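# Remarks on the overall topology
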Amino acid sequence: MLPFTVNFKVSARTLTGALNAHNKAAVDWGWQGLIAYGCHSLVVVIDSNTAQTLQVLEKHKADVVKVKWARENYHHNIGSPYSLRLASADVNGKIIVWDVAAGVAQCEIQEHAKPIQDVQWLWNQDASRDLLLAIHPPNYIVLWNADTGTKLWKKSYADNILSFSFDPFDPSHLTLLTSEGIVFISDFSPAKPPSGPGKKVYISSPHSSPAHNKLAAATGAKKALNKVKILITQEKPSAEFITLNDCLQLAYLPSKRNHMLLLYPREILILDLEVNQTVGVIAIERTGVPFLQVIPCFQRDGLFCLHENGCITLRVRRSYNSVFTTSNEEPDPDPVQELTYDLRSQCDAIRVTKTVRPFSMVCCPVNENAAALIVSDGRVMIWELKSAVCNRNSRSSSSGVSPLYSPVSFCGIPVGVLQNKLPDLSLDNMIGQSAIAGEEHPKGPILQEVHLRFLLTGLLSGLPSPQFAIRMCPPLTTKNIKVYQPLLAVGTSNGSVLVYHLTSGLLHKELSVHSCEVKGIEWTSLTGFLSFATSTPNNMGLVRNELQLVDLPTGRSIAFRGERGNDESPIEMIKVSHLKQYLAVVFKDKPLELWDVRTCTILREMSKNFPAVTALEWSPSHNLKSLRKKQLATREAMARQTVVSDTELSIVESSVISLLQEAESKSELSQNISAREHFVFTDNDGQVYHLTVEGNSVKDSARIPPDGSMGSITCIAWKGDTLVLGDMDGNLNFWDLKGRVSRGIPTHRSWVRKIRFAPGKGNQKLIAMYNDGAEVWDTKEVQMVSSLRSGRNVTFRILDVDWCTSDKVILASDDGCIRVLEMSMKSTCFRMDEQELTEPVWCPYLLVPRASLALKAFLLHQPWNGQYSLDISQVDYPENEEIKNLLQEQLNSLSNDIKKLLLDPEFTLLQRCLLVSRLYGDESELHFWTVAAHYLHSLSRQKPAGTPASKETVPQDKVNNPLDICYDILCENAYFQKFQLERVNLQEVKRSTYDHTRKCTDQLLLLGQTDRAVQLLLETSADNQHYYCDSLKACLVTTVTSSGPSQSTIKLVATNMIANGKLAEGVQLLCLIDKAADACRYLQTYGEWNRAAWLAKVRLSSEECADVLKRWVDHLCSPQVNQKSKALLVLLSLGCFFTVAETLHSMRYFDRAALFVEACLKYGAVGVTEDTEKLISAIYADYARSLKNLGFKQGAVLFASKAGAAGRDLLSELESPKQKRTEE
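Throughout what follows, the structure given in this document is the object of discussion. (Residues numbered from 1 in each chain as written. Predicted model: local features only at pLDDT ≥ 70, side-chain atom pairs only at ≥ 80, totals over all residues. Heavy atoms only, no water.)

### A look at the overall build of the protein
Scanning the protein from N- to C-terminus turns up 26 helices and 60 strands. Put simply, 55% of the contacts in the protein that link residues at least 6 apart link residues at least 24 apart. Split by element, the accessible area of the protein, about 53500 Å² in all, is 52% carbon and sulfur. (Helix = DSSP H or I, 4+ residues; strand = E, 2+ residues; numbered from the N terminus. Contact = heavy atoms within 4.5 Å. Areas by Shrake-Rupley, 256 points an atom, 1.4 Å probe, with all protein chains shown as cover.)

Structural data, given as structure tokens:
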């Protein structure tokens, strides 16, 4: 017989349901594309592309309040591979760090027994990657080493800390949101706790300032918000001022430096931290739905907002140029200068009820074009942003909002109109940059206006809220092995029955069967079941009974008892006989009914004096076999008679025989044979009755008097020769029917609710369910195998139990979960690579380290042997077949759009590097290649000789497509200057106190805007203590243009000021006399590296600026700072490509170095000299060695041959085994 495979392997798993209020903020979307969220004390991990549950982590004893994936911003190699690390924190103050793929806890951390308020991995890259910062209530922040669980330092603050946020541009800046206000910490470092209490500021909530209330009545809310200038004060506001700090959330904007947002239920405030001033407000109209949460984007200045009705909206900052276009000579007298965020897209809301409300939202950190909403009922909805190009004529409909344009470049490189690109790859490929003030959008055929919309691409729903009645389908046998599916029916409190497929853990069918709570389910075959439900009793104690027979493939359900069921005593239980012929229905105060399952007819309704039934069970013995034998014998006799009577069989007679046989087999099919079956039941006194059912006759055959040691019997189980009884007092009585002995065992666990035997021939294991847990017994040995007790080893209560397979049990619990566990009933997490998934998942993190890195090399160095292919069997990769198959599965699971890009010969190496870094969710590579692609490309454009003709469509003005401002110091100088000027303009419009004005003046002087600075200086009022000083300063600024001795005097004064601790003032004076280069040097000497870089970019020529930045690079590379990755990015922005290659090589980033050198050579960015040749061949040789270590032979050969002399030995070593093989 041919071997066939059918998948009935059921792994231990947990089906999760509704969430707990504590889980509200416990969700995170990792760089690898997986979403983790807390569900009671479990952590569920799902794949965001296919919406499948990949892992359920169980170890917390209390509700999970926070989960955080480790960041991927480091260089990955064999030593530090792609791995799934997750930290989860619970209400009891325990933090667990998981290896998610293996499902094991790497480390457990405990400080206090109070709920963790917030937890975050430290992200500044070259420091240790194992550091975790946590808030332990009420007022401690603690830095942990998450690898070893050791505490590095602990610091307390004056107020209760609610949450914190790191400055994405400067890892030493940390901001705490406390119950009173905000605390700024500017000296955060992993080495030691911050000194001092930090700088504390108070927020007067936008609604509580008196100015606001008066104005709101007069001029409407929007204008009022513009008038509320001061929100942040150093002094504590008076008592009537501050109602309660109802700030929901605080976050830095990752898209531009020194900006922060504060979220209130009805508005979002954007603050500029240089002047501590609101520069933008997003308010909701009176009828609008309040905010719950906001996530600021990195790639574009946009915000994902979650509202209380579960609607997610995307708001993008409006470009300023529309303000200035009215008239060029005379600008608008009062241009509303404010950061305005326009609503660009919104998704559908959910139906919010008492129990169903949105909990929180997460956004994809890699591409920022998808958001997932976690709903309290356990649903996860994944919304993706899609862009659509709209034609010019439909403009009128968009209500006065400036249009969004699609970007000119794709994956870092400008493309023509006709080139292949995937617009929805990430947010920065969907919409172009917001233009800066005074800058026109280049008109041209390339710019296409786009509209964004949300599309629901994934939905995962949890189990409904308990109560549950569960029943596993009949067990696997040799007869049904070809069609068997492990299905679990779950009856719910709202009357529907959910059928789950247990190999995948996915919902197979959801059937609305009843109108009230399902109390019990019994399967009648592999594809059908009976379920019953009872309504709430009326004052007479009568109910409506519903008993439905459901056919699973069609979903058809029929009322099994026909018209019966209204106003009768409630059904207590239903039991189907072993051959699925008969059904016994037991009522509370009404005699037993016996039904024929096959014909849906009643066989017998017992008489009024029939004893009340407390427990009932069908016997596994029956006479089907002997009946079959009799039938066969009669059939053979018939055949023999015919043959004997007439040896020469005529055709007529043989056809008669075949007709007879046909009739016979048909009757067998319609199951006219009624085999005899037995059942036992007990009455209130504990007497055991034994009845026989055959066809439609019911005979009473024996009675066994009650056992004195047992209380009132509650349940019976019967298998083989063993009968087990359970009673109200927790006693189990084991009867051996063959040996005619009984053994009573007191378990002292109170009422035995249910007992069930495990399936499988000769398997005498049994599970018993009590009020406070469950036990597994071996009835052969009469001893307990395992036990589970609520409150002692688990936190949940058990609602129902069943066997899943012969060695796995199913427990339904009141935390809304259903667990499939090993017989030991220990909750375990499974290994993710053992999972049976219905849809393949792209996640290279699940492969072994060598394989995930080899797969990356395979994707990056296309084409192989001159052809682009995603078939890994075509390359020489001598790993075992299993690993190759896993790699091929990964490649096959990529979307068609991505495959098309990877196979496109026009797709350049730089674009490929960027795409692969997105696919792998590799943060450090993503930033490196974004900056590298931008500067390599703009450099090649300045040398027109090397450019191919296809680039003609690209506008020649460089700043038309500058590097996004989120890269801050790395942007082009001209673009950076424009951005800083726009920012000062905004600060100037928004200033409200003398302090603000003074900060603006300082900025203007540094930026060289002397005329406006003088105007502001002259505004100082006469009663201000700085009046004289400012007036003199104004005079100085206007006269300083005269040359000669004044310059040297000013320089002398400036150096003296700096020497005496007035650094900022001295730097200002130096900038006045155009000695900004000296100013930068002083700033660097005093450790103000960021400030020096800023000043160099806005004031110095490119050569001088490069000198300053190179000094900064040396500082970043020094061992005590150790931020080489940042230094690399700065070098890229300066165009020092050779130095970058050298640094990459010295840091042992061989893969990145080799790819970078290839890209440089393509763009002609590195001149070919002896030094460079030597370096390049060294890089290629080292990279070839690392590929050889991965076992990726063909890649190693490729780079060893490119390395020339340096790779010769390696090449001969790689090729020698081949020759040996051929010689053999």
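### Description of a positive patch on the surface
There is a patch of like positive charges on the surface, built from Lys479, Lys625, Lys629 and Lys761. A relative accessible area of 69% means that Lys625 is categorised as exposed. (Patch = residues over 30% accessible without salt bridge, like charges linked within 9 Å, V, L, I, M, F, W, Y side chains within 5 Å. Salt bridge = Lys/Arg side-chain N within 4 Å of Asp/Glu carboxyl O. Lys, Arg positive; Asp, Glu negative; His and termini not counted. Charge placed at Lys NZ, Arg CZ, Asp CG, Glu CD. Buried < 20%, exposed > 50% of the residue type's maximum accessible area, 1.4 Å probe, protein only.)

### Comments concerning the environment of Gly708
Relative to the assigned elements, Gly708 resides in the loop between strand E49 (697-704) and strand E50 (713-719). Under the relative-accessibility criterion, Gly708 is labelled exposed at 78%. Sequence spacing of Gly708 and Gly686 is 22 residues, and the spatial spacing of their C-alpha atoms is 8.9 Å.

### Details of helix H7 (residues 849-860)
Here H7 contains 12 residues, and its C-alpha end-to-end distance of 17 Å stays within 8% of the 16 Å for a straight helix at 1.5 Å per residue. Burial within H7 is extensive, with 10 of its 12 residues counted as buried. Among the residues of H7, those classed as buried are Ala851, Ser852, Leu853, Ala854, Leu855, Lys856, Ala857, Phe858, Leu859 and Leu860. (Expected span 1.5 Å × (residues − 1).)

### Quick word on unusual backbone geometry
A negative phi holds for most residues other than glycine; trans holds for most peptide bonds. In this structure, Pro138 follows Pro137 across a cis peptide bond, with omega equal to -5°. Tracing the backbone shows Pro138 in the loop between strand E11 (131-136) and strand E12 (140-145). Of note, Ala51 is a non-glycine position whose phi angle comes to about 55°, a positive value. Within the secondary structure, Ala51 sits in the loop between strand E4 (42-47) and strand E5 (53-58). Phi angles above zero are rare outside glycine, and Asn276 is one such case at about 45°. Mapped onto the fold, Asn276 is located in the loop between strand E21 (267-272) and strand E22 (277-283). Of the residues examined, Asn276 reaches a relative accessible area of 9% and is grouped as buried.

### Some words on the pairing of strand E48 (residues 688-694)
In regular strands, side chains alternate between the two faces of the sheet. Across the seven residues of E48, five count as buried, placing the element largely inside the fold. Summarising the sheet, strand E47 (residues 677-682) and E48 pair through six bridges and their orientation is antiparallel. Bridge assignment links Phe679 to a residue of E48, and that residue is Leu691. In sequence, E47 turns back onto E48 through a hairpin of five residues, with Gly686 there showing a positive phi of about 90°. Pairing geometry for E48 and E49, over seven bridges, is antiparallel. Opposite Val688, over in E49, you have Ile704 as the bridge partner. (Pairing = 2+ DSSP bridges.)

### Comments concerning the nonpolar core
Side chains of nonpolar character tend, in soluble globular proteins, to be buried together. Counting residues in each nonpolar core, the largest one holds 179 residues, and the members touching the most others are Tyr37, Leu1095, Phe1156 and Phe1192. Among the elements that make up this core, the one with the highest residue count is helix H23 (residues 1150-1163) (nine residues). The contacts of Phe1156, once residues within four sequence positions are left out, are Phe928, Trp929, Ala932, Leu936, Leu1132, Phe1137, Val1140, Ala1141 and Leu1144. Listed in part, the 31 residues of the second largest apolar core include Val490, Val497, Val499 and Leu799. (Core = buried A, V, L, I, M, F, W, Y, C linked by side-chain atoms within 4.5 Å.)

### A short note on the packing of helix H18 (residues 1076-1085) against helix H20 (residues 1102-1117)
Running from N to C, H18 and H20 cross one another at 5°; their axes reach a closest spacing of 10 Å. For the element pair H18 / H20, the angle class is roughly parallel. Contacts from Ala1077, Cys1080, Arg1081 and Gln1084 of H18 reach H20 at Glu1104, Val1108, Arg1111 and Trp1112. Here the contact of H18 with H20 is built from residues that sort into four nonpolar, one polar and three charged. (Axes fitted to C-alpha atoms, helices over the stretch in contact; angles between N-to-C directions. Parallel < 35°, antiparallel > 145°, perpendicular 65-115°, else oblique. Nonpolar A, V, L, I, M, F, W, Y, C, P; charged D, E, K, R; others polar.)

### Some points on the pairing of strand E42 (residues 571-576)
Burial within E42 is extensive, with five of its six residues counted as buried. Here E42 runs beside strand E43 (residues 582-587); their pairing, made up of five bridges, is antiparallel. Considered in E43, the bridge of Ile571 is made with Phe587. The loop that links E42 with its antiparallel partner E43 comprises five residues; one of these, Lys580, has a positive phi angle of about 60°.

### Examining the state of the cysteines
Counting across every chain of the model gives zero disulfides. In this structure Cys311 is a free cysteine whose sulfur lies 4.8 Å from that of Cys347, the closest cysteine sulfur available. On the basis of relative accessibility, which here comes to 7%, the residue Cys311 falls in the buried class. With no disulfide of its own, Cys817 lies 4.5 Å from the sulfur of Cys39, the closest cysteine sulfur. (Disulfide = S-S within 2.5 Å.)

### Some details on the sheet that holds strand E1 (residues 13-15)
The strand order across the open sheet formed by four strands is E1-E60-E59-E58, and the pairing between neighbours is antiparallel. Pairing within the sheet leaves two strands with one partner each, and these edge strands are E1 and strand E58 (798-805). Averaged over all adjacent pairs, the angle separating strand axes in this sheet is 20°, with direction ignored. Where E1 and strand E60 (residues 818-822) come together, three bridges link them in antiparallel fashion. Counterpart to Thr14 in the pairing with E60 is Arg819.

### Remarks on the side chain of Arg1152
Within the secondary structure layout, Arg1152 lies in helix H23. Arg1152 sits in the buried class, given a relative accessible area of 3%. In this structure, Arg1152 is in contact with His75, Ser924, Glu925, Phe928, Trp929 and Leu1144, ignoring residues within four places of it in sequence.

### Digging into the sheet that holds E5
Taken together, four strands build an open sheet; the order of strands is E2-E3-E4-E5 and the sheet is antiparallel. Edge positions in the sheet fall to strand E2 (27-29) and E5, since each of these pairs with one other strand and no more. Shown here is a sheet whose adjacent strand axes are inclined to one another by a mean of 15°, direction ignored. As defined by bridge partners, E4 adjoins E5 across five bridges and the pair is classed as antiparallel. If you follow Val45 over to E5, its bridge partner there is Gln55.

### Remarks on the packing of helix H14 (residues 1010-1018) against helix H15 (residues 1027-1039)
Taken N-terminus to C-terminus, the directions of H14 and H15 make an angle of 160°; their axes are 9 Å apart at the nearest point. The orientation of H14 relative to H15 falls into the category roughly antiparallel. Classified by chirality, the crossing of H15 by H14 is left-handed. Taking contact as the criterion, the partners of Thr1010, Val1014, Leu1017 and Leu1018 in H14 are, on H15, Asp1030, Lys1033, Ala1034, Val1037 and Thr1038. Its residues assigned to classes, the contact of H14 with H15 comprises five nonpolar, two polar and two charged. (Left-handed = near helix turned anticlockwise from the far one by under 90°.)

### What about the pattern of salt bridges?
All chains considered together, the criterion is met by 52 salt bridges. Where Asp721 meets Lys738, a salt bridge forms, and the shortest distance between an N and an O atom there is 3.8 Å. Here Asp721, found in the loop between E50 and strand E51 (722-727), pairs with Lys738, found in the loop between strand E52 (731-736) and strand E53 (741-746); they are 17 residues apart in sequence, far enough to count as distant. What makes Asp721 partly exposed here is its relative accessible area of 35%. In this structure, Arg756 engages Asp802 in a salt bridge whose closest nitrogen and oxygen atoms are separated by 3.6 Å. Taken together, the residues span a long stretch of sequence, with Arg756 in strand E54 (residues 752-757) and Asp802 in strand E58 at a distance of 46 residues.

Geometric values such as these leave the question of function open.
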